[in-house]
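The primary structure of each chain is shown beneath.
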2 protein chains.
Amino acid sequence: MWIVNETNFTPSSQHHKETIFTIGNGYLSTRGALEEGFPGDRRATFVHGVFDDVPVSVTELANAPDWLPLHVFLNGERFSLATGQLHSFERDLDLRSGLLTRRVRWTSPQGCTATLVFERFASLEDEHLLCLRCQVLPEFDGSVEFRASLNVNMDNEGIVHWTHIDQRFHEVSGAEPVVHLSSRTRNSGIHLAMAMRLVGAAPLQPEFWDVPGVPTLCVSLPASRGNAVEITKFVAVTTARDTTQPVEMALERVTLPANWDQALHAQHQAWQQIWDRMEVTIEGDDEAQLAVRFSMFQLQVAAPRHDNRVNIGAKTLSGFGYHGHAFWDTEIFMLPLFTCTSPRIARNLLEYRYLTLDAARAKAKEAGFRGAWFAWESADSGAEVTPTWVPDFRDRKKLARVWTGDLAIHISADIAYAVRQYWLVTGDDDWMIACGAELIFETARFFASRAGWDESRNAYGYKDVLGPDEYHDHVDNNAYTNLLARWNLTTAGQVAEWMQSSHPHKASVLFAKLGLEEDEFRHWQHVAANIFLHVRSNGLIEQFDHFFERTDVNLEDYEPRSRSMHVIFGIQAANEYQVLKQPDVLMAQYLLHDAFSAASIQANYDYYTPRTDHTYGSSLGPSIQAIIACMVNKPEEAYEHFMRAARADLRDERSNAGDGIHGASAGGVWQAVVFGFGGLRVSENGWTTQPRLPAHWKRLTFRFFHRGRQQVVTFPGK
Amino acid sequence: MWIVNETNFTPSSQHHKETIFTIGNGYLSTRGALEEGFPGDRRATFVHGVFDDVPVSVTELANAPDWLPLHVFLNGERFSLATGQLHSFERDLDLRSGLLTRRVRWTSPQGCTATLVFERFASLEDEHLLCLRCQVLPEFDGSVEFRASLNVNMDNEGIVHWTHIDQRFHEVSGAEPVVHLSSRTRNSGIHLAMAMRLVGAAPLQPEFWDVPGVPTLCVSLPASRGNAVEITKFVAVTTARDTTQPVEMALERVTLPANWDQALHAQHQAWQQIWDRMEVTIEGDDEAQLAVRFSMFQLQVAAPRHDNRVNIGAKTLSGFGYHGHAFWDTEIFMLPLFTCTSPRIARNLLEYRYLTLDAARAKAKEAGFRGAWFAWESADSGAEVTPTWVPDFRDRKKLARVWTGDLAIHISADIAYAVRQYWLVTGDDDWMIACGAELIFETARFFASRAGWDESRNAYGYKDVLGPDEYHDHVDNNAYTNLLARWNLTTAGQVAEWMQSSHPHKASVLFAKLGLEEDEFRHWQHVAANIFLHVRSNGLIEQFDHFFERTDVNLEDYEPRSRSMHVIFGIQAANEYQVLKQPDVLMAQYLLHDAFSAASIQANYDYYTPRTDHTYGSSLGPSIQAIIACMVNKPEEAYEHFMRAARADLRDERSNAGDGIHGASAGGVWQAVVFGFGGLRVSENGWTTQPRLPAHWKRLTFRFFHRGRQQVVTFPGK
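Position numbers for residues start from 1 in each chain and track the written sequence from start to end. In the order they appear in the text, chains get letters beginning with A and ligands get numbers beginning with 1. pLDDT decides what is reported in this predicted model: residues at 70 or higher carry local features, side-chain atom pairs at 80 or more are listed and counted, and totals for whole chains, interfaces and linings draw on all residues regardless. Hydrogens are left out, water is left out, and the side-chain values use all remaining heavy atoms of the structure.

Some thoughts on the packing of aromatic side chains
Residue and element names in this part refer to chain A. Selection rule: Think of it this way: a Phe, Tyr or Trp ring, Trp meaning its six-membered ring, pairs with another when their centres are within 6.5 Å, and the plane angle makes it stacked under 30 degrees, edge-to-face over 60, tilted otherwise. To qualify as a helix, a DSSP run of H or I must reach at least 4 residues; to qualify as a strand, a run of E must reach at least 2; elements of each kind are numbered from the N terminus. Each residue's exposure class comes from its accessible area (1.4 Å probe, protein chains only) as a fraction of the maximum for that residue type: buried when under 20%, exposed when over 50%, partly exposed otherwise.
Applying the stated criterion across every chain yields a total of 91 aromatic pairs over all chains. Geometrically, the ring pair formed by Tyr639 and Phe642 is tilted, given 6.1 Å between the ring centres and 40 degrees between the ring planes. A residue pair is termed a helical-turn pair when its members lie 3 or 4 positions apart in one helix, as Tyr639 and Phe642 do in helix α19 (residues 635-650) at three residues. Residue classification places Tyr639 among the buried residues on the basis of a relative accessible area of 15%. One aromatic cluster in this structure is built from Tyr322, Phe327, Trp328, Phe333, Trp376 and Tyr480.

See the structure below:
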């Protein structure tokens with residue numbers, strides 16, 4: 001169960017397949033579009049940090065110049081799935097190595113038949129290197145021609161980001177010639193260079209077609225029935241984010257691999273090391289096994305391995321959805337995998353938040369608050385890039401207001417939570433002192449200043465917010481927000497105490513830098529101790545003020561349905577019902593499980609589960625719902641929710657996988673296995689597990705690192 | 001004075017020069033970008049009617065695939081003004097023939113020197129044909145290579161409109177091979193085909209570089225010092241708007257011209273016919289002479305000669321400004337030239353309005369009115385395409401509301417006015433009955449239903465409108481609007497009477513079709529007779545209700561300035577001052593001159609002239625101001641205003657000529673000469689003139705057609 005497989009070509013699902021056949025290496029990712037192109041494809045390569053301006057959404061990852069084009073001609077006829085006759089088609093993504101293989105047997109309109117095998121991977125050994133091979137087994141005599149291009153003429157769904165600078169053919173003594181293409185983003189001015197080199201079984205004398213923006217190398221080889229011919233295309237990608245000399249660096253990197261086999265061997269070794277750190281095996285459930293590996297693979301290819309100035313977008317690097325912007329999806333959904341298996345990556349991601357602290361401070365200050373209010377949508381600088389007004393698609397004289405950037409203040413606590421979790425799992429005190437503590441203090445400071453005193457309740461609270469359940473906006477005292485804010489304030493105090501006692505000099509330096517004094521710490525604890533929460537005697541928590549007074553609905557009355565309750569009710573009306581887009585109170589109980597009794601979790605589970613739009617609400621919901629179901633010991637119910645998350649991309653159950661991988665769902669799949677079915681919990685006292693396996697699972701094995709040492713946990717089935 | 005000339009190459013003004021060196025033939029226009037490209041150029045070809053969707057502005061003319069690319073290599077070195085050494089540069093646009101010539105002497109980085117002459121024109125004989133020739137006179141021995149491409153990878157300032165369909169190399173027995181490129185607009189799905197053919201002094205064997213989207217033909221010729229080599233590139237352009245078989249049609253058309261000389265000869269003949277119809281000569285003023293010819297030329301190349309489904313955009317076909325949308329600029333500013341010199345073109349333009357009547361009816365109906373309310377900005381269907389919300393340039397997260405589509409109701413009367421003027425000048429009764437009358441009735445019907453009864457004044461009026469002076473929006477009883485509406489209602493009655501008496505059967509058919517009965521005609525006259533207008537005893541008309549109460553300003557206090565008063569005051573604040581963007585009352589007095597005494601015109605001239613932002617207000621203003629100045633017998637003042645219009649594009653006095661030709665200003669230049677300095681007036685009783693020549697003009701001669709007969713008028717200077 002290592003292979004994501006497709007056995008026929010369906011044009012109507014090509015965007016979905018492009019997403020799930022995305023390859024990458026943490027520096028860039030490339031969607032699974034066909035080398036030769038297909039009408040209507042969404043070919044895209046996204047390079048971390050290469051953002052460019054765009055209307056409304058402010059900035060987006062620019063779809064990089066295309067490195068894929070490899071056109072094959074059989075006796076002069078262009079190979080294309082849009083013409084001729086397709087006899088067989090098979091596509092495999094090998095999750096062990098990130099190798100994408102396509103095998104096609106095809107007859108041209110004039111009758112030339114051949115089997116074509118395309119293979120590609122993004123090198124993990126050298127993250128600037130991309131490798132592509134095509135083997136052709138002709139069933140005719142004549143010629144096979146390969147035309148390999150780089151193409152600057154790419155766009156983001158109609159928006160152009162690139163200006164062509166130049167290109168050149170370089171003779172290389174004793175080796176294949178190299179071609180480079182140089183380009184620059186139109187507004188942000190980021191210089192990107194690509195270099196291309198073709199390697200054959202025998203030395204090649206490629207012809208160069210110097211068409212501006214589309215440098216092309218052509219190789220024509222004699223073909224005879226039954227004798228395979230092949231070509232390897234190496235491409236190197238560099239940007240001004242990596243070096244002051246992108247062209248020179250690309251030219252150098254593209255000449256390094258000796259040949260396909262050597263590059264692929266290094267790839268296998270590099271991926272083996274990753275899998276050795278994170279491997280999860282589920283015996284007795286092939287679909288779940290594949291899904292968890294696929295989820296881990298897709299997060300790894302999107303995760304910055306050597307760059308702390310970038311984060312992971314909600315759709316990873318695999319599609320145009322959400323423009324490459326990062327949300328709380330990173331810290332709450334994706335990060336645990338890295339924290340537990342690849343802490344260096346987790347640190348890069350958290351350092352991105354550390355490096356954007358000034359932008360978060362500016363956002364808080366502009367709104368009249370103190371501390372760090374992180375952007376709901378974050379891109380290169382950390383400034384808020386959530387659109388505020390978007391055209392109303394139903395009436396162009398109107399505008400629709402997007403409120404998340406104004407109201408979803410929980411993002412700051414989510415980041416603090418991830419910092420604390422990283423510290424708990426890794427024990428990385430040095431990093432906590434250097435970066436983590438400041439993040440926790442500044443977010444606590446924000447929640448202390450954002451809290452309002454409610455005279456009638458004699459308590460602090462947060463008015464006019466938006467919690468994880470986005471069906472309800474402009475609410476007061478969202479339980480998730482209040483609970484996470486309380487946790488943030490409390491934890492800041494604990495971290496401060498720990499620093500003062502264990503690293504008093506560094507503590508005083510940091511406190512002085514931030515202007516933190518005892519009064520402020522005391523105030524944080526005062527706010528934390530008095531944050532409002534409406535809890536019924538059975539432990540049931542009201543999601544926000546007056547939630548229980550809203551109209552109750554039996555969701556079963558609306559089945560079967562294929563749309564979200566948001567659409568069914570209408571955006572405004574959804575506010576009036578007790579229907580959730582995703583777990584909200586339950587989300588908080590999962591994250592802060594120590595703070596709740598089993599009875600309280602059960603009461604909330606019983607109340608909120610039937611009121612949640614599990615099927616068409618948020619894609620972030622099902623994995624968390626699965627974990628909560630495990631917490632109340634309902635592994636079969638958990639499994640149902642888990643499989644919804646597992647299938648979100650592989651089966652395109654929400655019909656939007658074409659926009660890119662659901663990164664949060666992928667992270668949730670791993671969490672559901674490890675924290676849900678495996679019941680792993682890490683605390684200051686170490687780690688514990690509590691298996692809750694579905695009945696048909698024969699064995700679950702997972703591994704993680706605790707304080708630098710790998711732990712392997714295995715549970716037999718029932 | 002037939003040549004627009006440039007004698008050096010200044011990269012910082014390349015966008016301005018691209019605009020003024022635009023060539024075209026009424027089917028398409030191409031900006032004067034360099035064949036070989038230059039960094040930052042705005043290369044563009046716009047084909048009438050080829051609109052595609054765009055955010056915010058709804059739809060825009062798609063920048064067509066590029067037919068220009070012709071790269072020249074001297075001993076392998078690419079010719080480019082961005083490298084090497086430029087010894088001389090000269091560019092000429094010959095207005096007699098539409099031939100654009102560039103002559104360059106250049107030395108390559110490695111030291112090859114040559115004189116290169118590029119010539120191009122858009123054929124008037126076959127509007128699908130584009131012709132480009134390059135002659136190279138080498139001062140070295142070796143080779144000259146030409147690479148000619150078509151390029152589908154074009155965008156509209158960052159927005160992509162094209163999808164590549166296919167391309168092919170076609171052998172042609174006994175002639176040069178032909179290459180075609182086939183593409184389709186992404187949203188509107190308009191198929192566009194181009195075909196390319198290279199012709200040399202001797203038969204050519206071009207090599208074909210089959211790079212998808214950029215088909216390229218390469219020809220390498222031996223070069224020897226002092227012996228010129230040349231190549232001609234013919235391109236044919238067709239779309240699905242012309243034929244069901246665009247590729248086949250393009251392939252046929254591109255093979256028709258025998259050679260450059262034959263095609264150019266036909267071009268001279270075709271243009272001679274146009275100039276014979278419209279020639280204006282101004283002796284004693286070379287700048288004015290060139291400007292009026294340039295203005296007529298630029299309007300002719302943008303005017304649809306064989307298509308009544310399109311109009312002329314505010315920036316003609318020469319730039320990205322206003323997205324190819326048509327405004328009242330056509331009817332009030334550009335149309336008189338065509339009505340008087342090329343009535344078939346005028347009819348095409350008016351028929352566009354006739355064919356979009358249903359969209360105008362729908363706009364009126366949606367707003368609760370009757371009749372035809374034409375779109376303020378009109379594109380392919382005639383539906384309103386004025387953007388409603390545009391990004392606020394001061395804060396990219398905000399949007400600003402654009403009100404013209406809601407308030408500038410005068411557009412309907414402007415169209416009716418142009419219909420009536422066409423009828424008056426041409427005497428085309430058949431067309432008036434077939435199309436014109438319906439336009440006048442339906443616009444009258446709109447103004448009758450849009451009028452509101454004002455109890456306190458015992459009069460009809462129009463509240464919440466925007467007149468020509470756009471510094472003042474949301475005003476009541478704008479004088480221009482009220483006067484034109486009154487004229488429209490009155491004229492509708494006159495036209496109805498004329499039809500009933502002269503063509504009673506056709507009248508009753510049309511009335512029945514429109515549901516027009518005597519009651520409604522009577523109501524129109526009742527409204528017309530009672531429309532409010534605030535006129536002081538000296539004939540001074542108040543621009544709108546309470547205008548005279550707004551803050552008065554001495555514009556001289558703000559001199560010298562280089563920005564509009566709109567910018568200086570701020571958009572909202574400008575509303576509060578008695579400062580005009582362009583003539584408003586005076587505009588109405590020009591159009592409806594018969595309705596006003598000389599004293600009233602003088603009074604309004606004296607009041608409004610010093611309160612108008614002539615220099616940086618609307619580019620539509622100066623030419624009209626010039627005409628009014630002639631009406632009050634101030635030809636020297638008129639000349640000052642006239643030259644502002646004459647220089648708007650040629651001298652880029654507003655620094656925005658790079659966005660395209662100011663079409664209304666160009667039309668206004670012709671009107672200022674003929675209706676202003678020449679004083680031509682056409683009425684039911686024939687035509688009259690009243691010369692008001694500037695002192696330094698030695699002679700003014702102009703010609704026009706009155707009821708099918710050409711009239712030539714000539715006035716000596718003083």
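Details of the interface of chain B and chain A
Many authors give the size of an interface as the accessible area that is lost as the parts come together. Spelled out, the test is: Working rule for contacts: check all heavy atoms of both residues, and any pair within 4.5 Å makes them a contact. In this description, buried area is defined as the sum, over both parts, of the accessible area (probe of 1.4 Å) that is lost when the two are combined. For salt bridges, the criterion is a side-chain nitrogen of Lys or Arg within 4 Å of an Asp or Glu carboxyl oxygen. Any pair of nitrogen or oxygen atoms within 3.5 Å is treated as a polar contact; in protein, a donor-acceptor pairing is required on top of that, and neighbouring residues in sequence qualify only through side-chain atoms on both sides.
Each side of the interface is counted separately: chain B has 30 residues, and chain A has 28 residues. Buried surface at the junction of chain B and chain A, both sides included, amounts to about 2,400 Å², of which 53% is carbon and sulfur. The interface formed by chain B and chain A includes six salt bridges. Put simply, Asp155(A) and Arg186(B) hold a salt bridge, and the shortest N to O gap is 3.0 Å. Across the contact surface, chain B and chain A share six residue pairs in polar contact (both at pLDDT 80 or more).

A closer look at the nonpolar core
As a reminder of what qualifies: Residues enter a nonpolar core if they are buried and are Ala, Val, Leu, Ile, Met, Phe, Trp, Tyr or Cys, with the set joined through side-chain atoms within 4.5 Å.
Core analysis: the largest hydrophobic core is formed by 216 residues, its most contacted members being Phe441(B) and Phe642(B). Ignoring sequence-local partners within four residues, the contact set of Phe441(B) consists of Ala492(B), Val495(B), Ala496(B), Met499(B), Leu510(B), Phe511(B), Leu514(B), Leu516(B), Phe521(B) and Trp524(B). Of all hydrophobic cores here, the second largest spans 208 residues; its members include Leu74(A), Phe333(A), Ile541(A) and Ile624(A).

Regarding the state of the cysteines
Inclusion rule: The disulfide criterion used throughout: a pair of cysteine sulfur atoms within 2.5 Å.
Taken as a whole and judged by the stated rule, the model has zero disulfides over all chains. Take Cys112(A): it sits in no disulfide, and the sulfur closest to it among the cysteines is that of Cys134(A), at 15 Å. With no disulfide partner, Cys134(B) has as its closest neighbouring cysteine sulfur the one in Cys218(B), 14 Å distant. Taking the relative accessible area as the measure of exposure, Cys134(B) reaches 0% and is therefore buried.

A few points about the relation of the copies chain B and chain A
Put simply, the two copies of the chain differ by a rotation about an axis and a shift along that axis. The condition is simple: When the copies are overlaid, the least-squares fit takes in C-alpha atoms only where the residue has pLDDT of at least 70 in both copies.
If you rotate chain B by 179 degrees and push it 0.3 Å along the axis, it lands on chain A with an RMSD of 0.2 Å. Read as a symmetry element, the transformation amounts to a two-fold axis. If distances are taken from each C-alpha of chain B to the rotation axis, the shortest is found for Ile159(B), at 2.5 Å. Mapped onto chain A, 90% of the interface residues of chain B again fall at the interface, so both copies present the same surface.

A look at the pairing of strand β5 (residues 58-63) of chain B
Regular strands place their side chains on alternate faces of the sheet. All names here are of chain B. The condition is simple: Here a strand pair is declared whenever DSSP counts at least two bridges between the two strands.
For β5, a buried count of five out of six residues is recorded, marking the element as mostly surrounded by other parts of the structure. The sheet contact formed by strand β4 (residues 45-54) and β5 spans five bridges and is antiparallel. Bridging from a neighbouring strand, Asp53 pairs with Thr59 of β5. Hairpin geometry of β4 and β5 is characterised by an intervening segment of three residues between the two adjacent antiparallel strands and by a positive phi of about 70 degrees at Val56.

Section: the sheet that holds strand β20 (residues 229-239) of chain B
Residue and element names in this part refer to chain B. For clarity, the cut-off: The axes used here are C-alpha line fits, helices contributing only the stretch in contact, and every angle between their N-to-C directions lies in the interval 0 to 180 degrees.
Pairing is antiparallel across the open sheet formed by nine strands, whose spatial order is β1-β8-β9-β10-β11-β20-β17-β16-β15. Of all strands in the sheet, those bounded by a partner on one side alone are β1 (3-6) and β15 (162-170). Along the sheet, successive strands turn relative to each other by an average axial angle of 15 degrees, direction set aside. Packing against the sheet, helix α3 (residues 260-278) makes contact with β9 (99-107), β10 (113-122), β11 (129-138) and β20, and its axis sits at approximately 45 degrees to β10.

Overview of the confidence of the model for chain A
How we decide: What pLDDT reports is the predictor's confidence in each residue, on a scale of 0 through 100.
When pLDDT is averaged along chain A, the result is 96, and 100% of the positions lie at 70 or above. Note on the complex model: pTM 0.94, ipTM 0.91.

Re helix α7 (residues 357-366) of chain B
Residue and element names in this part refer to chain B. As a reminder of what qualifies: Within this analysis, the arc is defined by the directions that extend from the helix axis to the C-beta atoms.
Those residues of α7 that fall on the buried side of the exposure criterion are Leu357, Ala359, Ala360, Lys363 and Ala364. Seen along its axis, α7 keeps its buried residues to an arc of 165 degrees; they face one direction. More than 90 degrees from the buried face of α7, the exposed residues found are Asp358, Lys365 and Glu366. On the buried face of α7, the contacting elements are α6 (343-355), α8 (404-407) and α10 (429-450). Backbone geometry just after α7 places Gly368 at a positive phi near 90 degrees.

What about the pattern of salt bridges?
All names here are of chain A. Tallied over the full model, the rule gives 87 salt bridges over all chains. In this structure, the salt-bridge partner of Arg42 is Asp659, at a minimum N-O distance of 3.5 Å. Placement of Arg42 in the loop between β3 (28-30) and β4 (45-54) and of Asp659 in the loop between α19 and α20 (663-677) is noted, with a sequence separation of 617 residues between them. For Arg361, the salt bridge is made with Asp358, and the minimal N-O distance between the two is 2.7 Å. Pair noted here: Arg361 and Asp358 are both in helix α7 (residues 357-366), with a separation of three residues, about one helical turn. On the basis of relative accessible area, Asp358 is assigned to the exposed category, the value being 56%.

Concerning the packing of helix α4 (residues 286-302) of chain A against helix α5 (residues 328-341) of chain A
Residue and element names in this part refer to chain A. To keep things clear, this is the line we draw: Oblique is the label for every angle not falling under 35 degrees (roughly parallel), over 145 degrees (roughly antiparallel), or within 65 to 115 degrees (roughly perpendicular).
Orientation of α4 relative to α5, taken along the N-to-C sense of each, is 85 degrees, at an axis distance of 11 Å. Between α4 and α5, the interaxial angle falls into the category roughly perpendicular. In this structure, α4 contributes Met296, Leu299 and Gln300 to the contact, and α5 contributes Met334, Leu337, Phe338 and Thr341.

Describing the sheet that holds strand β6 (residues 70-74) of chain B
All names here are of chain B. Taken in spatial order, the five strands make up an open sheet running β7-β6-β12-β19-β18, and their pairing is antiparallel. A single partner strand is all that each edge strand has here, and the edge strands are β7 (77-78) and β18 (207-209). Note that strand β12 (residues 142-149) and strand β19 (residues 216-223) share eight bridges and pair antiparallel. Across the sheet, the residue bridging to Phe146 is Val219, located in β19.

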